[in-house]
Amino acid sequence: MFQSVLVVVVTMTGLVGASSAGAWPGDPDGSYSACGVKAIDALADMPSAVRAMAATADGKVLGAGYAGNRGLVLRFRAGSPDATFGNGGKVMPSYTGTARFYAVAVTPSGGAVAAGRRTTGAAADTAIVRLRANGTPDPTFSGDGRLNLDVGGTDDARAVAVFDDNSMVVAGNASSGGYVERLTPNGTPDSAFDGDGRRTALPLRVRAVATRADGSVYVGGSTAADPADWRIIRLAADGSVDTGFGGANGLTVDLGGHDVVTALAMTPDGKLIVAGFGKGASGHGQTVVRRYNADGTRDTAFASYRDAFGVNDVPAGLTRRADGSVVVAVNSKVGSDNDIVLVRLGDDGTPDDGFGVGGVSISDAGRRSTVAGVVVPTDGRPFALGSVRRGTRDVVGAFRFQDDASTLGVPTRGVVLDGFGGLHGWSAGCNSQPSGFVGAPYWSGQDLTRGVAILPGSAGVVVDAYGGLHGFTFADGPAAPPKFTGGPYWLGWDIARGVAVVPEGTGGFVLDGFGGLHPFSVGGAPAPAVPAGVVSFGGLDLARGIALMPDRGGYVVDATGGIHPFGGAPAVTPGGPSWPGQDVARGIALAADGNGGWILDKFGGLHPFGTAGDDPPAAAVGGAYWPGFAIARGVGALP
């Protein structure tokens, strides 16, 4: 085989990692469960998920959703289910038929109100429950803590808010259009609100509500047309439309595509923060955040925020912190893969550069993970609830992120590839390694593999010595491995040395031993263009691995551990691993945010390095190591 070999002695002291780089507020909290993600099986053998969340004044967190065919209400304390609430932190009210909750709010006494839908046969009606602080049904509400409403035809609740006197508004959709129901503290209709406690046939599809101190309520969602526009209606305390906010049909905003309001929040001075998606066709939304004055005009002191993190962004919720900053939780989809995004904006609407990267934290917690909202409890660590995939089921997912005082690096997980095709998980800055690899090639006893890369959505690719590309999946990845076209193939010529995929997962490059990059396509998408500035070794077999940055360019590592940036990637911080004159390096992987990474030696050791003057990331743990057995061939990190 065509691979140069140099005699080398490696000392194990080189495997000790340096201190972590800087502070990383907003990145996943690697000290929390499995790399910032906790899976909670709310009901054995049944799917479960959280679809709404809220925070109590003392730092607890409520979640509402479903478990099997039952509605689910959860309460968390310090990131774990609160044993003082219900049965081990959960309550599942029983209904005839099926129940799901889509909204939750905190009561003045620290209890919970959850609202959604109850389905019995062909009938679907609004379901509401009120629980005391210990999770038991509140008998002062409708006699047994439960209330069902038939608003007309098929109806359900999508939002709920509770006033200081324990009265509430529930908003949702019925056959006639949007509706708002106002209930007294004991659960009876408030006759002061439109005569019978209910306002129906509102000209919008309801997604969110926000209340004001004077008893008026904002109702947000979208017009009924397709493509839809943003629509927000303000109802006065008596249920009439307040035409001072946008007119008789409220405020309607055409962002230039299919536009929907998904979350609302009030500021102390009476302004309205709005998050939603728009600017694209249905299924191709961008994240949009704006602030409006009480008269419905745009607040020019708040910069309108718009960005796209995937092909289809859907903000799930927002929270306003005491300092005026706003944190928005977003589901960002590319095909069947969903990333969880947090955006933090200052009180002026500009991205907070002290949070994540440029105010944005993007985490890949699995192909099917989702988020339902975000809160910032009293400990300062953003906390989100939603769902994660475990086996063949969705289960409740809890996600915790680093606070503003954090000095931990961004948690990273990855795989080391051995020469036979074996994949071995590792992690840095957290305590969980990827596993469950399916479909990867394996050549028992034959040294044929040369590199590995991880695609978005829990899938990956192995390149063999001749340039052949072989897909695999893991965790909640797709049933079938990805397919590759257009790549190079050198039959019988051992010259492939590494593989990398672009952040979108639509294509990548095979690295040859001389430093050449050869594009390929994933799933039939266009192959990427070769970036500028890639190192060439002029016919010498010195290239050993390649990794791409999340935003631009990347790095090639040579046999001695030398790291060569290209395409605008920042320079490497001096002092990283190096073996002058020795053929030791076998691959390179980057941290999830691109700040530093690890060089793989031929025995499986992973050696951290920094970039742009920053210190290296945390040392890797859990990976395979074969002292004296030079069988490691590649390394990849999850995006």
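Caption draft 1: The arrangement of the overall build of the protein in detail. Per the secondary structure count, the protein includes 0 helices and 46 strands. For 639 residues, the compact-globule estimate of 2.2 N^0.38 gives 26 Å, and the protein sits close to it at 27 Å. When burial is assessed residue by residue, the protein has 59% of its 639 residues classed as buried. Considering only contacts within the protein whose residues lie at least 6 apart along the sequence, 50% involve residues at least 24 apart. The protein carries 48 positive and 57 negative side-chain charges, and their two centres are separated by 5 Å.

Caption draft 2: Inspection of the packing of aromatic side chains at higher detail. Taken as a whole, this structure holds 10 aromatic pairs when the rule is applied. Considering the side-chain rings of Tyr32 and Phe383, the 6.3 Å spacing of their centres and the 80° angle between planes classify their relative orientation as edge-to-face. Residue Tyr32 is found in the segment before strand E1 (37–40), and its partner Phe383 is found in strand E28 (residues 383–390); the two are separated by 351 residues along the sequence. Both residues of the pair, Tyr32 and Phe383, belong to the buried class. Between Trp426 and Trp598 the ring centres are 5.1 Å apart and the planes differ by 65°, which places this aromatic pair in the edge-to-face class. One end of the pair, Trp426, is in strand E31 (residues 423–428); the other, Trp598, is in strand E43 (residues 597–601), and 172 residues separate them in sequence. An aromatic cluster of at least three residues, connected via ring pairs, comprises Tyr32, Phe76 and Phe383. Over the aromatic face of Tyr66 sits the side chain of Arg100, whose NZ or CZ is 3.6 Å from the ring centroid. Across the ring face of Tyr95, the terminal group of Arg146 is positioned such that the distance to the ring centre comes to 5.0 Å.

Caption draft 3: Fine view of the sheet that holds strand E23 (residues 312–320). Taken together, 4 strands build an open sheet; the order of strands is E23-E24-E25-E26 and the sheet is antiparallel. Looking at the sheet topology across the chains shown, the edges are occupied by E23 and strand E26 (360–363). In this sheet, adjacent strand axes meet at a mean angle of 20° when their direction is disregarded. Taken together, the 8 bridges between E23 and strand E24 (residues 326–334) define a ladder with antiparallel strand orientation. Opposite Val314, over in E24, you have Asn331 as the bridge partner.

Caption draft 4: Here's a closer look at unusual backbone geometry. Note the cis peptide between Asp226 and Pro227, where omega equals 10°. Mapped onto the fold, Pro227 is located in the loop between strand E16 (217–222) and strand E17 (230–235). You will see that Asn166, though not glycine, has its phi angle at about 80°, which is positive. The residue Asn166 is located in the loop between strand E11 (156–162) and strand E12 (168–174) in this model.

Caption draft 5: Fine view of the sheet that holds strand E37 (residues 507–512). The antiparallel open sheet is built from 4 strands, whose spatial order is E35-E38-E37-E36. Unpaired on one side and paired on the other, strand E35 (484–485) and strand E36 (496–501) mark the two borders of the sheet. Summarising the sheet, E36 and E37 pair through 5 bridges and their orientation is antiparallel. By the bridge assignment, Ala500 is partnered in E37 with Phe509.

Caption draft 6: Highlighting the side chain of Ser325. Tracing the backbone through its elements, the reader meets Ser325 in the loop between E23 and E24. Judged by its relative accessible area of 4%, Ser325 falls in the buried class. Side chain to side chain, Ser325 and Asp323 meet in a polar contact 2.7 Å long. Once you skip the residues sitting within four places of it in the chain, Ser325 turns out to touch Thr319, Arg320, Arg344, Leu345, Gly346 and Asp347.

Caption draft 7: The arrangement of the pattern of salt bridges in detail. Summed over all chains, the structure comprises 33 salt bridges. Of the charged contacts in the structure, one is a salt bridge between Asp156 and Arg158, with a shortest N-O distance of 3.1 Å. For Arg450, the salt bridge is made with Asp447, and the minimal N-O distance between the two is 3.1 Å. Of the two residues, Arg450 and Asp447, neither departs from the other in class, the shared state being buried. Residues joined by salt bridges that share partners form a network here, namely Asp447, Arg450, Asp494, Arg497, Asp541, Arg544, Asp583, Arg586 and Arg633.

Caption draft 8: Quick peek at the side chain of Arg182. Structurally, the position occupied by Arg182 is in strand E13 (residues 177–183). Classification of Arg182 as buried rests on a relative accessible area of 11%. Among the polar contacts made by the side chain of Arg182, one reaches the side chain of Ser167 at a distance of 3.5 Å. Beyond its immediate sequence surroundings of up to four residues, Arg182 is in contact with Phe163, Ser167, Met168, Val169, Thr188, Pro189, Asp190, Phe193, Gly197 and Gly215.

Caption draft 9: Examining the environment of Phe609 more closely. When you line up the elements, Phe609 lands in strand E44 (residues 606–609). You can call Phe609 buried: its relative accessible area is 1%. Along the primary structure Phe609 and Gly145 are separated by 464 residues, whereas in three dimensions their C-alpha atoms are 58 Å apart.

Caption draft 10: Molecular detail of the pairing of strand E21 (residues 286–292). For E21, the tally of buried residues reaches 7 of 7 residues, placing the bulk of the element in the interior. Every second residue of E21 is oriented toward a common face, with Gln286, Val288, Arg290 and Tyr292 on one face and Thr287, Val289 and Arg291 on the other, all of them buried. For strand E20 (residues 272–278) and E21, the ladder comprises 7 bridges, and the chain directions are antiparallel. For Ile273, the partnering residue across the bridge sits in E21 and is Arg291.

Caption draft 11: Focus on the environment of Phe420. Of note, Phe420 is situated in the loop between strand E30 (412–418) and E31. Exposure remark for Phe420: the relative accessible area of 19% places this residue in the buried category. Taking the C-alpha atoms as reference points, Phe420 and Gly468, separated by 48 residues in sequence, lie 14 Å from one another. Ignoring any residue separated from it by four or fewer positions in sequence, one finds Phe420 in contact with Pro441, Tyr442, Trp443, Gly445, Gln446, Asp447, Thr449, Phe629 and Ile631.

Caption draft 12: Local environment of the confidence of the model for the protein. Mean pLDDT over the protein works out to 93, with 96% of the residues at or above the 70 mark. When the criterion is pLDDT under 50, residues 1–22 qualifies, and its contacts beyond four places in sequence or with other chains add up to 58 contacts.

Caption draft 13: Region of the structure containing the environment of Leu540. Tracing the backbone through its elements, the reader meets Leu540 in the loop between strand E38 (517–522) and strand E39 (543–548). Separated by 58 residues in sequence, Leu540 and Pro482 place their C-alpha atoms 32 Å apart. Contact partners of Leu540, with chain neighbours within four places excluded, come to Gly513 and Phe514.

Criteria and cut-off values
Residues numbered from 1 in each chain as written. Predicted model: local features only at pLDDT ≥ 70, side-chain atom pairs only at ≥ 80, totals over all residues. Heavy atoms only, no water. Helix = DSSP H or I, 4+ residues; strand = E, 2+ residues; numbered from the N terminus. Rg over C-alpha atoms; globule rule 2.2 N^0.38 Å. Buried < 20%, exposed > 50% of the residue type's maximum accessible area, 1.4 Å probe, protein only. Contact = heavy atoms within 4.5 Å. Lys, Arg positive; Asp, Glu negative; His and termini not counted. Charge placed at Lys NZ, Arg CZ, Asp CG, Glu CD. Phe/Tyr/Trp six-rings, centres within 6.5 Å; stacked < 30°, edge-to-face > 60°. Lys NZ or Arg CZ within 6 Å of the ring centre and 35° of its normal. Pairing = 2+ DSSP bridges. Axes fitted to C-alpha atoms, helices over the stretch in contact; angles between N-to-C directions. Polar contact = N/O pair within 3.5 Å; in protein donor to acceptor, adjacent residues only side chain to side chain. Salt bridge = Lys/Arg side-chain N within 4 Å of Asp/Glu carboxyl O. pLDDT = per-residue confidence, 0-100.

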